Amino acid sequence: MLIKTVLFDLDGTLINTNDLIIASFLHTLDQYYPQKYTEKDIVEFIGEPLEVSFGRMESDEAKIGEMVGVYRKHNVAMHDALVKEYPNVLTTIETLHSQGYKLGVVTTKRLDTVALGLKLSKLEPYFDVVVTIDDVVHAKPDPEPVLKALKALNAQPSEALMVGDSPSDIEAGKKAGTKTVAVGWSIKGADLLRQSQPDYLIDDMKEMLEIVQTV
């Protein structure tokens, strides 16, 4: 068995937070730039740190911080109402865990909201490490979060997979030296992910059970 470790992005990969993210962005942006941004505009922001997203439209760091605060307050308040499951994620993670794979989460979210998502989805018991935006200096697509997770798991990049729904996930995995898996249910679209040249592109999480055995 070559693959011993599997790292996952959270939003858009393990849990469907698309509606929550879009609603939180619209709630925030409508306060500062009424009717200027649409859902289509917001899709581009998904997967990057909030400071980067709001920094696209605002240069004042204090105002960016204020917008991040408005976003996060709405995001937490609406979390359980808007987060949904993806098919076969829980059963696949349970199986990988039972088969002895080291599992980790690598995300650009803060720990408090990560904890909400893992608890709601019942995924919390299966991950040996969670690396959040609070734990790193450089977020994905920098390899730092992936390398930090691998170090915590005492895992080698050559024996690991990075699974995600964004080009930044694939780039971070490649830079860290892991194999990469893109999920075809990404809101960004499979065509964009193909441009990142992942090693694998899956349409259902249960495909991971075969990939870990054949890499």
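For the structure given in this document, a descriptive report is provided here. (Residues numbered from 1 in each chain as written. Predicted model: local features only at pLDDT ≥ 70, side-chain atom pairs only at ≥ 80, totals over all residues. Heavy atoms only, no water.)

### Examining the overall build of the protein chain
In step 1: Along the backbone of the protein chain there are 10 helices and eight strands.
In step 2: By the compact-globule yardstick of 17 Å for 215 residues, the protein chain fits well, its C-alpha radius of gyration being 17 Å.
In step 3: Per-residue burial over the protein chain gives 51% buried out of 215 residues.
In step 4: Within the protein chain, contacts between residues at least 6 apart in sequence are counted, and of these 64% link residues at least 24 apart.
In step 5: About 10100 Å² of surface is accessible on the protein chain, with carbon and sulfur atoms providing 49% of the total. (Helix = DSSP H or I, 4+ residues; strand = E, 2+ residues; numbered from the N terminus. Rg over C-alpha atoms; globule rule 2.2 N^0.38 Å. Buried < 20%, exposed > 50% of the residue type's maximum accessible area, 1.4 Å probe, protein only. Contact = heavy atoms within 4.5 Å. Areas by Shrake-Rupley, 256 points an atom, 1.4 Å probe, with all protein chains shown as cover.)

### Quick look at the pattern of salt bridges
In step 1: For the structure on display, the rule yields 11 salt bridges.
In step 2: Its salt-bridge partner being Lys 175, residue Glu 171 comes within 2.7 Å of it at the nearest N-O pair. Pair noted here: Glu 171 and Lys 175 are both in helix 8 (residues 167-176), with a separation of four residues, about one helical turn.
In step 3: Between Arg 194 and Asp 191 there is a salt bridge whose closest N-O contact spans 2.7 Å. One end of the pair is Arg 194 and the other is Asp 191, both in helix 9 (residues 190-195) and three residues apart, which spans about a single turn.
In step 4: Judged by relative accessible area, Asp 191 falls into the exposed class, the value being 56%. (Salt bridge = Lys/Arg side-chain N within 4 Å of Asp/Glu carboxyl O.)

### Describing the sheet that holds strand 5 (residues 129-131)
In step 1: The six strands lie next to each other as 5-4-1-6-7-8, forming an open sheet whose pairing is parallel. Two strands in the sheet have a free side with no partner beyond their single neighbour: strand 5 and strand 8 (200-202). Each neighbouring strand pair of the sheet contributes to a mean axis angle of 20 degrees, computed without reference to strand direction.
In step 2: Bridge analysis of strand 6 (residues 160-164) against strand 7 (residues 179-183) gives four bridges, and the strand direction is parallel. In the strand pairing of strand 7, Gly 164 is matched with Ala 182. (Pairing = 2+ DSSP bridges. Axes fitted to C-alpha atoms, helices over the stretch in contact; angles between N-to-C directions.)

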